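# Fold and contact review
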Amino acid sequence: MPLHSVPAPAEEQRPKRSFPEMVAAIYEDPRVGHETRELLLAVAYGCDLAKREDGVSPLKVARRKLGVHAGRARYDRLIADDAPRYEPPREAADWGPGGAPGCEAPRLRPYVYRPRIAVTGEPEETAVPLRPSPSPVLHAAQGFSPPAVDYRNAQGICGANSHHRVLEKDPRTGWVTAHWFCKRHKDHADRVAEQVRAQNEAAPEPIPNTGGLLPCYFKADWEKVYRHYRGKFWEPPSYGLCADDWPTPGETLPMPSRGRLRMVVSVTGLETEGVDQ
């Protein structure tokens with residue numbers, strides 16, 4: 001199915017930007033990672049080549065330049081990775097037992113380092129005295145010394161293995177913050193969950209923090225493109241597909257406008273129509 005282009009507004013009469021200027025803008029964009037930079041440069045190169053040579057498919061050029069990894073075209077994977085979405089922090093993941101961050105409930109008494117002694121066998125009073133009992137083995141590296149001020153005492157937190165997670169949503173951005181509690185502090189988890197319940201229900205849709213860079217530089221019907229490569233479970237955010245249009249927490253200045261290559265995008269190829277500012 002063809003993926004039709006989205007033409008630039010008629011009132012947008014800005015001077016055209018050359019291909020070298022487009023490349024410089026991509027390199028100077030702090031949001032662009034090294035793999036996304038490869039994708040943007042490959043698509044820009046394919047569009048520029050299609051302007052100068054007839055019968056050139058920019059998509060095939062980009063696919064050829066990016067190559068294949070693990071039997072899959074890197075172009076397909078990088079397009080899917082650029083789909084705009086919100087990625088919660090690693091700390092908010094649903095960890096298994098023992099893998100979650102330490103309990104953040106308040107500490108009631110100072111933590112004191114006590115090295116554990118390994119079990120060496122039967123109790124000494126029941127053992128047959130054929131040979132001397134081995135020396136106890138400590139669960140600590142040789143020469144280990146605990147820090148002068150433990151982080152649990154410095155931060156005033158429990159720090160034990162957590163089992164209960166409470167997610168708090170920011171009322172402005174919708175971004176989540178995870179609070180973790182151990183089994184002994186389940187009452188703290190219940191109290192925090194009740195405190196943030198109304199705030200979470202009123203929180204807006206999370207502002208995307210991942211992807212959305214292709215629409216910053218190229219004009220196309222990116223919603224259909226992302227659906228094709230990301231899958232049917234991806235949904236476009238209400239804030240728009242272009243990362244330039246997303247609000248930035250704590251900042252009110254708009255992002256500077258960048259040149260965008262207008263193109264007609266399909267599943268099998270790309271056709272460029274020029275370079276717009």
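For the structure itself, look to the data block above.
Quick summary incoming for the structure in this document. If you're wondering where the values come from, they're calculated on a predicted model, not measured in any experiment.

This paragraph deals with helix α4 (residues 74-81). Where burial is concerned, most of α4 is hidden: six out of the eight residues are buried. Those residues of α4 that sit buried are Arg 74, Tyr 75, Asp 76, Leu 78, Ile 79 and Ala 80.

On the secondary structure map, Trp 234 appears in the loop between α8 (222-230) and β7 (260-266). When its relative accessible area of 6% is taken as the criterion, Trp 234 is described as buried. Distance in space between the C-alpha atoms of Trp 234 and Ala 80 is 9.7 Å, their sequence separation being 154 residues. Sequence-distant contacts of Trp 234, defined by excluding residues within four places in its chain, comprise Ala 83, Pro 84, Glu 223, Tyr 226, Arg 227 and Leu 241.

On to the pattern of salt bridges, then. All told, the structure shown has 14 salt bridges when counted by the stated rule. The salt bridge involving Arg 77 is made with Asp 81; its shortest N-O contact spans 3.5 Å. A residue pair is termed a helical-turn pair when its members lie 3 or 4 positions apart in one helix, as Arg 77 and Asp 81 do in helix α4 at four residues. One salt bridge connects Arg 227 with Glu 223, and the closest N-O pair in it is separated by 3.5 Å. One end of the pair, Arg 227, and the other, Glu 223, are both in helix α8, four residues apart, so they sit about a helical turn from each other.

Looking now at the nonpolar core. With 34 residues, the main nonpolar core has Leu 39, Tyr 75, Ile 79, Leu 214, Tyr 217, Phe 218 and Trp 222 as its most contacted residues. Broken down by secondary-structure element, the contributors of at least two residues to this core are α1 (19-28), α2 (34-52), α3 (58-66), α4, α7 (214-217) and α8. With six residues, the single largest contributor to this core is α2. Formed by nine residues, the second largest nonpolar core is a distinct cluster that contains Cys 103, Cys 158, Cys 182 and Val 196.

With that settled, consider the packing of aromatic side chains. Overall, the coordinates contain four aromatic pairs when judged by the stated rule. Here the aromatic rings of Trp 222 and Tyr 226 are separated by 5.9 Å at their centres, their planes lie at 35°, and the arrangement is tilted. Of this pair, Trp 222 and Tyr 226 both sit in helix α8, four residues apart, which is roughly one turn of the helix. Within the aromatic cluster, the residues linked to one another by ring pairs are Trp 222, Tyr 226 and Trp 234.

Viewed as axis vectors pointing N to C, α3 and α4 meet at an angle of 105°, and their least axial separation amounts to 8 Å. Put simply, α3 runs roughly perpendicular to α4. On α4, the residues touching Leu 59, Ala 62, Arg 63 and Leu 66 of α3 are Arg 74, Tyr 75, Asp 76 and Leu 78. Each residue belonging to the contact of α3 with α4 can be placed in one class, and the counts come to five nonpolar, no polar and three charged.

Each value, and the rule that gives it
- Residues numbered from 1 in each chain as written.
- Predicted model: local features only at pLDDT ≥ 70, side-chain atom pairs only at ≥ 80, totals over all residues.
- Heavy atoms only, no water.
- Buried < 20%, exposed > 50% of the residue type's maximum accessible area, 1.4 Å probe, protein only.
- Helix = DSSP H or I, 4+ residues; strand = E, 2+ residues; numbered from the N terminus.
- Contact = heavy atoms within 4.5 Å.
- Salt bridge = Lys/Arg side-chain N within 4 Å of Asp/Glu carboxyl O.
- Core = buried A, V, L, I, M, F, W, Y, C linked by side-chain atoms within 4.5 Å.
- Phe/Tyr/Trp six-rings, centres within 6.5 Å; stacked < 30°, edge-to-face > 60°.
- Axes fitted to C-alpha atoms, helices over the stretch in contact; angles between N-to-C directions.
- Parallel < 35°, antiparallel > 145°, perpendicular 65-115°, else oblique.
- Nonpolar A, V, L, I, M, F, W, Y, C, P; charged D, E, K, R; others polar.

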